[in-house]
Amino acid sequence: MHKRLLVWLMTLAAWPCLAAEMVSGDYGVFLVGVDRNGYLTGYFERSTGRGQFSCIFFVSGKAAGSADRVNTWFPGDRDPQAVIRGVIEPVTSDRKPAVRLTLDEEHGGCWNVQRFASDPSTFALTERGSWEAVRIIAAKKAYFHDDPSRAKPRKAYLVTGDALRVFETRDGWVRAEYVGPENRRTRGWVSERDLFSAKSPSCARGAPGSTVTPHAGC
């Protein structure tokens, strides 16, 4: 009886650690997508001072353990030297799923918004999602389509910097959702040609002067 009680107490004590896992979701100002192979993409965007200061970067890596190394960079930047490495961890906050992100150094513009190097930042899950990736709009206008086979676009479109929740990728198209102000949701197909690359600039072979180690998703 005492032995069973001891085993039960040990299991209960370890449960919060076992329960923490990296999941796709909206973590407030941090949007995260994890596919079936454990490849992680994310997008952090926050501004303060009525838009005077902003902190924006894309995240990618392999979610394979309790703490995983990731690459972070501004979506449109393809300079390997601009990539900043970090660690992302699934944690719990107030008994709710959360992620903690720590960077090796700060991104430009983030000092007045939120710091990740001097202090790890934790983001609690606000909406668990079924999307497999996060992608960012690169085009000035990226139109939604009802189906990839239909050439005529819908009237709905997105602009540079908008973040998509991607559910499927097929033949150069993504089936995705955009969540706008007041939680207005738009779904459809968007051409990959209108998106920034989800691969880190450090993935480029023979990138001159690069000291960044490519992640497993390269």
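Computed from a predicted model, the values in this text were never measured in an experiment.

Caption draft 1: Up close: the sheet that holds strand β2 (residues 30-34). A sheet is described by the order of its strands in space; here 9 strands give the open sequence β8-β7-β6-β5-β4-β3-β2-β1-β9, paired in antiparallel fashion. Here the strands that pair on one side only, and so sit at the sheet edges, are β8 (121-124) and β9 (127-128). Summarising the sheet, strand β6 (residues 84-93) and strand β7 (residues 96-103) pair through 8 bridges and their orientation is antiparallel. Across the sheet, Ser93 pairs through a bridge with Lys96, a residue of β7.

Caption draft 2: A look at the sheet that holds strand β13 (residues 163-170). Read from one edge of the open sheet, 4 strands run β10-β13-β14-β15, paired in antiparallel fashion. Strands with a single pairing partner mark the edges of an open sheet, and in this sheet they are β10 (133-136) and β15 (185-191). Strand-to-strand twist of the sheet, defined as the mean angle between neighbouring strand axes without regard to direction, takes the value 40°. Pairing of β10 with β13, which is carried by 4 bridges, proceeds in the antiparallel orientation. Looking across to β13, one finds that Ile136 is bridged to Ala163.

Caption draft 3: Looking closely at the state of the cysteines. Inspection of every chain in the model, using the stated rule, returns 1 disulfide. The partner cysteine of Cys55 in its disulfide is Cys110, sulfur to sulfur 1.9 Å. Since a negative S-S torsion denotes a left-handed disulfide, the Cys55-Cys110 link at about 75° is right-handed. Taken together, the residues Cys55 in strand β4 (residues 53-62) and Cys110 in the loop between β7 and β8 connect sequence positions 55 residues apart. Accessibility classification places Cys55 together with Cys110 in one group, the buried group.

Caption draft 4: Here's a closer look at the pattern of salt bridges. Counted by the stated rule, this structure contains 13 salt bridges. For Arg185, the salt bridge goes to Glu127, with nearest N and O atoms at 3.1 Å. Here Arg185, found in strand β15, pairs with Glu127, found in strand β9; they are 58 residues apart in sequence, far enough to count as distant. Take Arg185: its relative accessible area is 36%, and that puts it in the partly exposed class. Linking Arg185 and Glu177 is a salt bridge whose minimum nitrogen-to-oxygen distance equals 3.3 Å. Residues participating in the shared-partner salt-bridge network are Asp26, Glu127, Arg165, Glu177, Arg185 and Arg187.

Thresholds applied
Residues numbered from 1 in each chain as written. Predicted model: local features only at pLDDT ≥ 70, side-chain atom pairs only at ≥ 80, totals over all residues. Heavy atoms only, no water. Pairing = 2+ DSSP bridges. Helix = DSSP H or I, 4+ residues; strand = E, 2+ residues; numbered from the N terminus. Axes fitted to C-alpha atoms, helices over the stretch in contact; angles between N-to-C directions. Disulfide = S-S within 2.5 Å. Buried < 20%, exposed > 50% of the residue type's maximum accessible area, 1.4 Å probe, protein only. Salt bridge = Lys/Arg side-chain N within 4 Å of Asp/Glu carboxyl O.

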